[in-house]
Structures are given as structure tokens and as C-alpha cells.
Amino acid sequence: MAREFTAQMSMYRGRWRLYVVLLDTAERWPEYSFDRALPVPTFTERANALSALGFKPVPGAEWQWTEDRENPDDPASPVVLIAAIRVRSWTGVAA
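Below is a short write-up of the structure. (Residues numbered from 1 in each chain as written. Predicted model: local features only at pLDDT ≥ 70, side-chain atom pairs only at ≥ 80, totals over all residues. Heavy atoms only, no water.)

**Focus: the pairing of strand 6 (residues 79–89)**
The side chains of a regular strand alternate, first on one face of the sheet and then on the other.
Logical step 1: By the bridge criterion, seven bridges tie strand 1 (residues 4–12) to strand 6 in an arrangement that is antiparallel. Bridging across to strand 6, Q8 finds its partner in A84.
Logical step 2: Across three bridges, the pairing between strand 4 (residues 55–57) and strand 6 is antiparallel. Within strand 6, the residue paired with F55 across the bridge is S89.
Logical step 3: Here strand 5 (residues 64–69) runs beside strand 6; their pairing, made up of six bridges, is antiparallel. Bridge assignment links E67 to a residue of strand 6, and that residue is L81. (Pairing = 2+ DSSP bridges. Helix = DSSP H or I, 4+ residues; strand = E, 2+ residues; numbered from the N terminus.)

**A few points about the side chain of S10**
Logical step 1: Structurally, the position occupied by S10 is in strand 1.
Logical step 2: Ignoring sequence-local partners within four residues, the contact set of S10 consists of R15, W16, R17, Y19, L81 and I82. (Contact = heavy atoms within 4.5 Å.)

**Things to note about helix 1 (residues 43–53)**
Owing to its 3.6 residues per turn, the α-helix aligns residues three or four sequence positions apart on the same side.
Logical step 1: Every buried residue of helix 1 is listed here: R46, A49, L50 and L53. Buried residues along helix 1 cover an arc of 100° about the axis, so they all sit on one side. In helix 1, the exposed positions angled more than 90 degrees off the buried face are occupied by T44, N48 and A52.
Logical step 2: On its buried face, helix 1 is in contact with strand 1, strand 2 (15–21), strand 3 (31–33), strand 4, strand 5 and strand 6. (Buried < 20%, exposed > 50% of the residue type's maximum accessible area, 1.4 Å probe, protein only. Arc of directions from axis to C-beta.)

**Let's talk about the nonpolar core**
Logical step 1: The biggest cluster of nonpolar side chains holds 16 residues, and the ones touching the most others in it are M9, L18, V20, L50, F55, W63 and V87.
Logical step 2: Residue assignment for this core shows that the elements contributing at least two residues are strand 1, strand 2, helix 1 and strand 6.
Logical step 3: Excluding its chain neighbours within four sequence positions, the residues that come into contact with L50 are A7, L18, V20, F55, P57, W63, I85 and V87. (Core = buried A, V, L, I, M, F, W, Y, C linked by side-chain atoms within 4.5 Å.)

**Things to note about the pattern of salt bridges**
Logical step 1: In this structure the tally under the stated criterion is five salt bridges.
Logical step 2: Through salt bridges with shared partners, a single ionic network connects E4, R86 and R88. (Salt bridge = Lys/Arg side-chain N within 4 Å of Asp/Glu carboxyl O.)

**Thoughts on the environment of A61**
Logical step 1: Summarising the element assignment, A61 is placed in the loop between strand 4 and strand 5.
Logical step 2: Sequence separation between A61 and I85 is 24 residues, and the spatial gap between their C-alpha atoms is 6.4 Å.
Logical step 3: Excluding residues that lie within four positions of it along the chain, A61 makes contacts with I85 and R86.

The quantities given are spatial measurements derived from coordinates; they are silent on function.
Here it is in C-alpha cells:
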């Protein structure tokens, strides 16, 4: 059975980036940059980015959006949006 991972998408240095979290490994996390702030990458763009990284969503998985703050101790701090979805590798990533 293929291992499952969490893919996340967030804004980093003014650009959306998507990365796959590989816990318990020294491997560099696969990452894809959309090279823009707006518009937010579409569902299709996210699916294509995952594919380019060698991953696909787990059947039935949906993107979940979470709101955070740049500075957790400051309620007036700018909002940070993070999207996440469960994925599996189709290229044999076994991390």
C-alpha cells in the first residue's frame, strides 16, 4: 500500500507554494512555486502541481483551509492561509 503524506499550500515571500510534508526523513520536501500572489491557485493548478511533484490526492480527499496569524501572540497580526490535502506518491516516494 502506498504511503500517505500531507501536501500543504501557503504564501511564502509573496508567492503561493505547494509542498509535500515528509516527516521522519532527511529528504528535502518536494516543493512547487506558483510564482504569484494572486489569484489563488485553482483546484486544477494545484492538481497539476501535485502531479509535477509525483503525487496525487488520496481518493475522496478534499482541500482543507486553515487560518493562522504571522505572529500568534498578536491578534492584529496579518492572516496566513494554509491549505492541506492528503496525498500519495505515484513515483515511489517511500519517505
